[in-house]
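Architecture at a glance
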Amino acid sequence: MSSLRVLYDHTISHTKVVISVLDKDKREHHVVVPVPKSYEAALAIAFDQLGEYIPNFKPGSLLMEGAYFEYGLKSITGTAVWAKLPPEFWNEIVKDGDQLRICVASPRIRTVMPAAGWSQSTFVDPNSGPIKRMARFVQLVHKPSKNRGYIRIGRTALVPEPKTYKIAKDIACSTFYQGRHMKAMELYVKLRDNWEEVRGGTSSQDWKYLMESSGAQDVEIAVWGTNKK
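The shown structure was predicted, so the numbers you read here are calculated from the model rather than taken from an experiment.

Structural notes on the overall build of the protein chain
A tally of regular secondary structure across the protein chain gives 5 helices and 11 strands. By the burial criterion, 45% of the 229 residues in the protein chain qualify as buried. Contacts spanning at least 24 positions in sequence make up 64% of the contacts within the protein chain whose residues lie at least 6 apart. Accessible surface for the protein chain amounts to roughly 13,400 Å². Of this, 51% is attributable to carbon and sulfur atoms.

Here it is in structure tokens:
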């Protein structure tokens with residue numbers, strides 16, 4: 001069984017959708033596939049089958065920022081309309097024969113000020129001088145898994161680079177989860193073109209090595225958290 005087959009609902013047979021994308025030159029490309037079992041599954045299929053045409057997409061990436069689907073239909077005047085498809089209504093809307101178009105919006109980045117009581121020394125070595133690098137935090141909408149494939153993201157934020165794993169978790173809680181500590185939280189650091197999961201208990205020395213190994217002007221950190229058991 002190929003890896004893509006886990007993304008379909010095998011209880012429903014003989015259904016299909018057309019997924020389209022506009023490349024950087026506004027030329028349209030298509031693929032026809034069985035109806036995927038979820039919005040995220042459809043994104044993974046689109047990236048796998050049409051990734052070479054999606055502007056700014058890098059094969060092998062964990063994330064595709066700002067990716068969403070538009071749903072093709074006709075207006076009451078008979079003209080073609082592409083309407084944004086909310087992920088929550090995938091099962092209620094997408095049916096046999098429908099056409100979807102994958103789109104990529106500009107990423108949303110907001111600069112977050114340090115929480116009350118935090119100082120520059122919270123983020124960097126006080127002996128190293130002014131802040132030299134920022135960290136771009138990305139909130140993951142879903143827990144990463146091999147079967148899910150590519151992952152939708154929520155909010156993003158730009159803060160001074162944290163100097164320890166614990167501080168990175170505190171920043172994530174403060175920025176994305178209203179200061180609450182999650183029962184489960186996973187952090188990923190982008191190293192070159194790959195994402196590396198950072199385990200709890202990572203020492204300050206190992207964290208510093210990860211930051212130095214990121215190879216980017218601003219380090220990227222992806223976060224997933226939940227309070228569910």
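A closer look at the pairing of strand β1 (residues 17–22)
Direction of pairing for β1 relative to strand β2 (residues 28–33): antiparallel, over a ladder of 6 bridges. The partner of I19 across the bridge, within β2, is V31. The hairpin formed by β1 and β2 contains 5 residues between the paired strands, and K26 there has a positive phi angle of roughly 70 degrees. Where β1 meets strand β5 (residues 99–104), 4 bridges bridge the pair, whose relative direction is parallel.

Some words on the sheet that holds strand β4 (residues 80–84)
Within the open sheet, the 5 strands sit side by side as β2-β1-β5-β3-β4. Their pairing is mixed. A single partner strand is all that each edge strand has here, and the edge strands are β2 and β4. Direction aside, the axes of adjacent strands within the sheet are offset by 30 degrees on average. Its contacts with the sheet put helix α1 (residues 39–50) on β1, β2, β3 (67–74) and β5, and the angle it makes with β3 is roughly 95 degrees.

Considering helix α4 (residues 165–176)
Structural remark: α-helix, 3.6 residues per turn; residues separated by three or four positions point the same way. Between the first and last C-alpha of α4 there are 16 Å, a value that for 12 residues agrees with the 16 Å anticipated at 1.5 Å per step. The element α4 is extensively covered by neighbouring structure, given that 9 of its 12 residues are classed as buried.

Notes on the pairing of strand β11 (residues 219–226)
Within β11, 8 of the 8 residues are buried, which leaves it mostly tucked inside the rest of the structure. Side-chain alternation along β11 places V219, I221, V223 and G225 on one buried face and E220, A222, W224 and T226 on a second face that is also buried. The pairing of strand β7 (residues 134–140) with β11 spans 5 bridges and is parallel. Paired with F137 across the bridge in β11 is I221.

Each value, and the rule that gives it
Residues numbered from 1 in each chain as written. Predicted model: local features only at pLDDT ≥ 70, side-chain atom pairs only at ≥ 80, totals over all residues. Heavy atoms only, no water. Helix = DSSP H or I, 4+ residues; strand = E, 2+ residues; numbered from the N terminus. Buried < 20%, exposed > 50% of the residue type's maximum accessible area, 1.4 Å probe, protein only. Contact = heavy atoms within 4.5 Å. Areas by Shrake-Rupley, 256 points an atom, 1.4 Å probe, with all protein chains shown as cover. Pairing = 2+ DSSP bridges. Axes fitted to C-alpha atoms, helices over the stretch in contact; angles between N-to-C directions. Expected span 1.5 Å × (residues − 1).

Shape is all these values report; function is a separate question.
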